[in-house]
Amino acid sequence: MDIFSSYHLNRPFKFVSKASILKFPVVGTVMKLSKVITLDREDKRSQMATFRHCVDVLKKDTSIFIFPEGTRSPDGSLLEFK
């Protein structure tokens, strides 16, 4: 819901998402069309490329949203941060 409500802002923005979300039908397509900044959490090169991409976006006076929800555990308890 946060993402959808942010489209009502009067300023340009991008948000960062893990790359695996792009595989979901419909959601992935919409994210590709809106040029979401993606991150492969297991690949250090992807992490650095994402960081550089974010810096470039910020230099263009565009905000970046990051939603650090993380991965859920089977029982709902908090897992170790990566």
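Small disclaimer: the values here were computed from a predicted structure and weren't measured.

Spanning 16 residues, helix H3 (residues 44-59) covers 23 Å between terminal C-alpha atoms, matching the ideal 22 Å at 1.5 Å per step. Residues of H3 that are buried: Ser46, Thr50, Cys54 and Val57. Seen from one end, H3 has its buried residues packed into an arc of 75 degrees, which puts them on one side. Residues Lys44, Arg45, Phe51, Arg52 and Lys59 are exposed on H3 and point more than 90 degrees away from its buried face. Residues of H3 that are buried sit in contact with strand S1 (13-18), strand S2 (37-39) and strand S3 (63-66). Where H3 begins, the capping side chain belongs to Asp43, and its oxygen is found 3.1 Å from the backbone nitrogen of Arg45. Just past H3, the residue Asp61 takes up positive phi, approximately 60 degrees.

We now examine unusual backbone geometry. We note that Val26 has phi near 65 degrees; this positive angle belongs to a residue other than glycine. When you line up the elements, Val26 lands in the loop between S1 and helix H2 (27-33). You can call Val26 exposed: its relative accessible area is 62%. Even without being glycine, Asp61 reaches a positive phi, approximately 60 degrees. Inspection of the secondary structure assignment puts Asp61 in the loop between H3 and S3.

What counts and what doesn't
- Residues numbered from 1 in each chain as written.
- Predicted model: local features only at pLDDT ≥ 70, side-chain atom pairs only at ≥ 80, totals over all residues.
- Heavy atoms only, no water.
- Helix = DSSP H or I, 4+ residues; strand = E, 2+ residues; numbered from the N terminus.
- Expected span 1.5 Å × (residues − 1).
- Buried < 20%, exposed > 50% of the residue type's maximum accessible area, 1.4 Å probe, protein only.
- Arc of directions from axis to C-beta.
- Contact = heavy atoms within 4.5 Å.
- Polar contact = N/O pair within 3.5 Å; in protein donor to acceptor, adjacent residues only side chain to side chain.

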